[in-house]
Amino acid sequence: MGLMRQQAIVVDIDETVLDNSPHEAKCILNDALYPAYWEEWVNVMDAKPVPGSLEFLKYAASKKIEVFYISNRKEKYQDQTLKNFHTVGFH
């Protein structure tokens, strides 16, 4: 008898599922580098999904494929990140 294998997808958050282009644009316009304006950006909680990412991950979930999100965001941004996720439709 074959083993049942659980399928999973592991994705990074920033620039894989959440688009931080507005933050990058502000840095460019103000001749600044990361981490300038990062805390301000995260606190706004307005990052949009990278095109196709939300649809793809919802499709995966509909096929019972578990999704794991990883990030190097600091733990102090966890609440803002989760709120941003839920606002745009990630679960």
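For clarity, every value in this text was computed on a predicted model and none was experimentally measured. (Residues numbered from 1 in each chain as written. Predicted model: local features only at pLDDT ≥ 70, side-chain atom pairs only at ≥ 80, totals over all residues. Heavy atoms only, no water.)

## As for the overall build of the protein
Here's step 1: If you tally the helices and strands in the protein, you get four helices and four strands.
Here's step 2: Secondary structure elements of the protein, listed N to C terminal, follow the sequence β-β-α-α-β-α-β-α.
Here's step 3: For 91 residues, the compact-globule estimate of 2.2 N^0.38 gives 12 Å, and the C-alpha radius of gyration of the protein, at 16 Å, exceeds that figure by more than 25%.
Here's step 4: Taken along the three principal axes of its C-alpha coordinates, the protein extends 60 × 25 × 20 Å.
Here's step 5: For the protein, the residues scored as buried account for 32% of the 91 residues in total.
Here's step 6: In the protein, once contacts between residues fewer than 6 apart in sequence are set aside, the share between residues at least 24 apart is 76%.
Here's step 7: For the protein, the accessible surface area stands at approximately 6700 Å², while carbon and sulfur atoms represent 58% of it. (Helix = DSSP H or I, 4+ residues; strand = E, 2+ residues; numbered from the N terminus. Rg over C-alpha atoms; globule rule 2.2 N^0.38 Å. Buried < 20%, exposed > 50% of the residue type's maximum accessible area, 1.4 Å probe, protein only. Contact = heavy atoms within 4.5 Å. Areas by Shrake-Rupley, 256 points an atom, 1.4 Å probe, with all protein chains shown as cover.)

## Section: unusual backbone geometry
The general pattern is negative phi for most residues beyond glycine and trans for most peptide bonds.
Here's step 1: The omega angle of the peptide bond from tyrosine 34 to proline 35 is 15°, so this bond is cis rather than trans.
Here's step 2: Secondary-structure assignment places proline 35 in the loop between α1 (21–29) and α2 (38–44).
Here's step 3: In this structure, tyrosine 37 takes a positive phi of about 70° despite not being glycine.
Here's step 4: Positionally, tyrosine 37 belongs in the loop between α1 and α2.
Here's step 5: One non-glycine residue, lysine 64, lies in positive phi territory at about 65°.
Here's step 6: The residue lysine 64 is located in the loop between α3 (53–62) and β4 (66–70) in this model.
Here's step 7: We classify lysine 64 as exposed; its relative accessible area is 70%.

## Topic: the nonpolar core
Here's step 1: In terms of nonpolar packing, the biggest core is built from 17 residues, with Ile9, Val17, Leu18, Leu57, Phe85 and Phe90 touching the most fellow members.
Here's step 2: Looking at this core, the elements that each hand over two or more residues are β1 (8–12), α2, α3 and α4 (78–88). (Core = buried A, V, L, I, M, F, W, Y, C linked by side-chain atoms within 4.5 Å.)

## Some words on the packing of aromatic side chains
Here's step 1: Applying the stated criterion to the full structure yields four aromatic pairs.
Here's step 2: For the pair tyrosine 69 and phenylalanine 85, a centre-to-centre distance of 4.8 Å together with 80° between the ring planes defines the contact as edge-to-face. Of the two residues, tyrosine 69 is situated in strand β4 and phenylalanine 85 in helix α4; the sequence distance between them amounts to 16 residues.
Here's step 3: Tyrosine 69 gets classed as partly exposed once you look at its relative accessible area, which sits at 24%.
Here's step 4: By relative accessible area, phenylalanine 85 is classed as buried at 5%. (Phe/Tyr/Trp six-rings, centres within 6.5 Å; stacked < 30°, edge-to-face > 60°.)

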